[in-house]
Amino acid sequence: MATTRYYYSSAISEFIEEEKDSIVGKLTGSSQHDINPKTANAWKEEISSLREVLSKYKNTDRGSIYLEYNIPRMGHRVDAIILIDGIVFILEYKTGGQTFNQSARNQVWDYALDLKNFHADSKDRILVPIVVVPDAPDNHCSIELRSSTDKVYEPLFTNTRQLGVVIQNILDLVGQASGRSPQSDCAWANSGYEPTPTIIEAAIALYEKHNVADITKSGGDIEKTSKALNRIIDHCRKEKRKAICFITGVPGAGKTLIGLNTAIRLFNKGIGAVYLSGNYPLVEVLQEALTRDYIERKRIINSTEEKQARIKKEDAKREVKAFIQMIHHYRDQYLEGVDITTKDIRPKPGYFESNTDKAYIPAEHVAIFDEAQRAWTKEELQRFMREKKNIQNFPYSEPEYLISCMDRQPDWGVVVCLVGNGQSINKGEAGLNEWIETILRSYKNWDVYISQPILDSVRLSDTQRRAIQLQCNLQCKPHHHLQRKLQCNLSYSLRNELQRCLTYKPRRNLRNKLQHNLMYKLKSNLRNVAQHSLHESLHLKISMRSFRSESVSIFINQLLDLKVEAAKSTLPKLSENNYPIVLTRSLEGAKRWLRSKKRGNERMGLLASSKAERLKAISINVKYSPNFVHWFLENSQDIRSSDRLEDALTEFEVQGLEIDWACVAWDADLRINMNENAWEHFQLRGGNKWQNINKPANQEYQINAYRVLLTRARQGIVILIPEGDDTDETRKRDWYDRTYNYLKGIGIPEII
C-alpha cells in the first residue's frame, strides 16, 4: 500500500493564519484510518501549542511545518517536524495529561536517528529531537543542549512556553544553515528515504501493509528480487504450473525480508502463502513482535467506546501464525491421515471425509522455506520420525517430503527456497544439492528458477547440470524480457522459427519443438539469455545488515579465512563508513563502550559461541539459556533485555536476527595456531580439558558459528578476548594472546 509522506505541510506563515478545523480536516482526510475523538483532540492541542510557539515567525519566510511525517522503517509518524533556517526540529507531543518519560525520549531520539541514517537530505543537517508536554511545569523540563558528532542533539523535554526558548537557543547557537529556502524545505520533505530495517522492524512494517520499497534501500537487490518472485508466482497461478524457485545471497542481503514480504503480500490478497523456517528463535521472536504490534495498533485505532472489545493476545497470535510458522509444524500437519510405505505417502481411505478439520492438500499454494539448505537429510529425518513419531523407514528427505506436500495441489503451487551461504551450524543438514537432486529425480514436470551463481556452487555431475539447466530454461514460458533479447540476438530465420513455436504451439509442443527440432545454436542462446534475463535477479549480492558499511561481511570472511592482507585492506573502509570494530581484554571495558554508543532504542547485547564454556570465568555463561524473545524485544528497563548486558546468546539463538551494537566474546574454543596460518578447533570435555575437533565438517560449523556472531551487529562490534589465567589449565594465556595478537595485527584498534 502506498503511503503519504506527510498528512499536512505548509509554510509557517500560512500555518499561523489557517483555521484550526481546516488543518484537522486535512489531517483526517490524509489518514488511512478512521479518526477517533481522542486523536482529533490531540491534534487540536498540538496545533494550538505550535501556533503559540511559531507566532513570532508569522511575518517571515524562515521555515515550514510538516505534521504526521512518515517513518516507514519504524511504522510510525512524527507528530510534527519544523524546519527553520534549514535546522530540523522533530517534535513528539504527549497530550491529554501525559508526562515526560524514558519511552518518549527514546521514541523521538529514534525518529532523529532514523532520519540521520536513512533520509538523504538529513545526513548533513542539524536534527533536534524534542518531547513536548504542553502544560508541564517548567521545573520538569530539560533543555540543556548536547550535540553528537553526527549533528543529532540529545532529546529535550519541554512544555509549550519553553519550546520557543529551545528553538531560539538552537538558532542563536548554530545560525542559519547554508542554502535555506522554501524550495529547500520542500526538497527535504520529499528527499529519498532508503532504510535498512532489522528483520523485526521490517516484518512489523510489512504487516502494517507498507510496501517493501518503502522500507529498503532502492540501491539494493531486494526490490528487484521481490518483483521477479512476484512475476514467477503470478505466472504459475495463471498458467497452472508448479515451480521451485531458489533465492540466494550473502548473509544479511535480505532473503528473509523477501520471504516475509511475499508471504504477507499474498496473505493480504487472500492467496494462501506461508513463510516457514527451521530457525525456532527467529520464528518465535517474529511471531511475538507481530502479535504485540497487532494488539497495539488495535488499541490505538479503537475508540474509547470500543475498548471492551480489545483483541486477545491468543487471537492475535493465531492470525500471525497463519503466515509465519515453524517448518516442523507445517511438516507434521500434513503427516496426519496418511499411509506411509517404503516408497510413497497416500491419504488413508475415508480419513479426510470423516475429519473435515484436517487436510491432505495444503491450504497454501506458496510455501517459502527460509534457510532451505538446513533442511534435513533422509537419514536425519528417518531418525527423527523413528524416535519422535514412531514412524519406521520414512521414505523421504525433508526437501523431498516438503516438495511432495506442494505437489498434492491439483492446479498450481510454488516452493520458494531461501538459501544462505556460510552459515551451516548443525549436523544432519541436507544442503542445496538434495533439493536439486529431488527435482531431477522425482519432479521433472516442475519448472525450476535458479541463478547461475548458485548453480555453479553446487556439486552436480555434468549430466545433472545439463538436466537442471534444461529443466530451468525450457519448461517455463519465456519471459517478455527474454523474448525481446532473443529477437535482438538470434538470426532472422531462428527468430521466425521461435515465433511460430511461441504463437501456434502449446507449451508441451514448444518444449518438444525446441528440444528436438531447433538447432543447437538456438538452444544455447535460449539457455544463456534465460540465465541472465529471468534468473539473475534471484541472487542477492549486497549485504544490507549494516547500513553503515556493506563491507562488514567481506571483512569478517577475510578475517576468518586468514586472508590477512585482504582484511587489512578492507578494515579502513569500515572506519570510513563509521562502522567501528574494536578489541578489548576487559568485559567491563566492552560494556562501557557499548553503552557509550547506544542511543534511543538501539539494541546492544553480549554474544558468544555455544562452545565458549570457559567464558564462565568472566561471568558469561553460555550454558545458561535466557529467554531469547525477551532478550530481543524488551526495553532496557527489563532485566531480561539484551540491553542490560547480563545474559549472552549463542549462534543458535541469534542466527537470522540482529542488534545494533554487539560484544562478541571469543573463547579458547577457536584459536589461531603459532604460525597464524590455521585455526585450531576445540570443545571442552569433562570439565577440565579442551579436546580437539578433528572432523572437517564440525570445524566448518565452528568457523560458521563465529561468522554468524561477528555479522549480527548493524552499527559496530567490540571483540572481547579475555586475558586468560595460567593457573587454570583450561584458560592458558597463550591461547587467548595468539588470537588477540592476530586480530590486533590486522589493524583492529584496542580499547581499555
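Look up a bit, the structure's there.
First things first, this report covers the structure right here in the doc.

We now examine the overall build of the chain. Secondary structure summary: the chain contains 29 helices and 23 strands in total. Of all 752 residues assigned to the chain, the portion counted as buried reaches 58%. Taking contacts inside the chain between residues at least 6 apart in sequence as the whole, the part at least 24 apart equals 75%. Taken as a whole, the chain presents about 32200 Å² of accessible surface, with 46% of it coming from carbon and sulfur.

By the burial criterion, the buried members of helix H14 (residues 378-388) are Glu380, Leu381, Phe384 and Met385. With its buried residues spanning 130 degrees around the axis, H14 presents them on a single face. Turned more than 90 degrees from where H14 packs its buried face, Glu379 and Glu387 sit exposed. In this fold, the buried residues of H14 make contact with helix H12 (327-333) and helix H15 (398-407). The first or second residue beyond H14 is Asn390, which carries a positive phi of 55 degrees.

Okay, the pairing of strand S22 (residues 689-692) next. Inspection of the sheet shows strand S21 (residues 679-685) paired to S22 by 4 bridges, in the antiparallel sense. Across the sheet, residue Gln683 finds its bridge partner in S22, namely Gln691. A loop of 3 residues connects S21 with S22, the two strands running antiparallel in sequence, and Gly686 in this loop sits at a positive phi of about 70 degrees.

What follows concerns the sheet that holds strand S19 (residues 659-665). Spatially, 5 strands are ordered S16-S23-S19-S17-S18 in an open sheet, and the strand pairing comes out parallel. Bordering the open sheet on either side are strand S16 (581-584) and strand S18 (648-649), each of which pairs with just one other strand. Relative to strand S23 (residues 713-720), S16 runs parallel, the two being bridged by 4 bridges. For Thr584, the partnering residue across the bridge sits in S23 and is Leu720.

For helix H25 (residues 587-597), the full list of buried residues reads Leu587, Gly589, Ala590, Lys591, Trp593 and Leu594. Residues of H25 that are buried sit in contact with S16, strand S17 (604-608), S19 and S23. The N-cap of H25, judged by a side-chain oxygen 3.3 Å from the amide nitrogen of Glu588 a few residues on, is Ser586.

Attention now goes to the sheet that holds S21. Across the sheet, 3 strands lie side by side as S20-S21-S22; this open sheet has antiparallel pairing. Strand pairing shows two members of the sheet lacking a second neighbour, strand S20 (670-672) and S22, which therefore form its edges. Going across the sheet, the axis of each strand differs from the next one's by a mean of 45 degrees, ignoring polarity. Contacts between helix H28 (residues 696-710) and the sheet are confined to S20 and S21, with S21 contributing the most and set at about 95 degrees to the helix. Against the sheet, helix H29 (residues 733-746) engages S20, S21 and S22, with an angle of about 65 degrees to S20.

Glancing now at the side chain of Thr438. In this structure, Thr438 sits in helix H16 (residues 431-442). Apart from the residues lying within four places of it in its own chain, the contact partners of Thr438 are Ser397, Glu400, Ile403 and Tyr443.

This next bit is on the packing of aromatic side chains. Following the criterion strictly, the structure yields 22 aromatic pairs and no others. An aromatic cluster is built from Tyr6, Tyr66, Tyr69 and Trp188, whose rings are joined through pairwise contacts. The positively charged end of Arg585 is found above the aromatic ring belonging to Tyr740, 4.3 Å away from the centroid. We note Arg671 situated over the ring of Phe682; from NZ or CZ to the ring centre the distance is 3.7 Å.

For the rest of this paragraph, the subject is the pairing of S19. Counting buried positions along S19 yields 7 of 7 residues, so the element is predominantly enclosed. Relative to S19, S17 runs parallel, the two being bridged by 5 bridges. Among the inter-strand pairings, Met604 is bridged to a residue of S19, identified as Trp661. Relative to S23, S19 runs parallel, the two sharing 6 bridges. Residue pairing in the sheet places Cys663 in a bridge with Val718 of S23.

Definitions and cut-offs
Residues numbered from 1 in each chain as written. Predicted model: local features only at pLDDT ≥ 70, side-chain atom pairs only at ≥ 80, totals over all residues. Heavy atoms only, no water. Helix = DSSP H or I, 4+ residues; strand = E, 2+ residues; numbered from the N terminus. Buried < 20%, exposed > 50% of the residue type's maximum accessible area, 1.4 Å probe, protein only. Contact = heavy atoms within 4.5 Å. Areas by Shrake-Rupley, 256 points an atom, 1.4 Å probe, with all protein chains shown as cover. Arc of directions from axis to C-beta. Pairing = 2+ DSSP bridges. Polar contact = N/O pair within 3.5 Å; in protein donor to acceptor, adjacent residues only side chain to side chain. Axes fitted to C-alpha atoms, helices over the stretch in contact; angles between N-to-C directions. Phe/Tyr/Trp six-rings, centres within 6.5 Å; stacked < 30°, edge-to-face > 60°. Lys NZ or Arg CZ within 6 Å of the ring centre and 35° of its normal.

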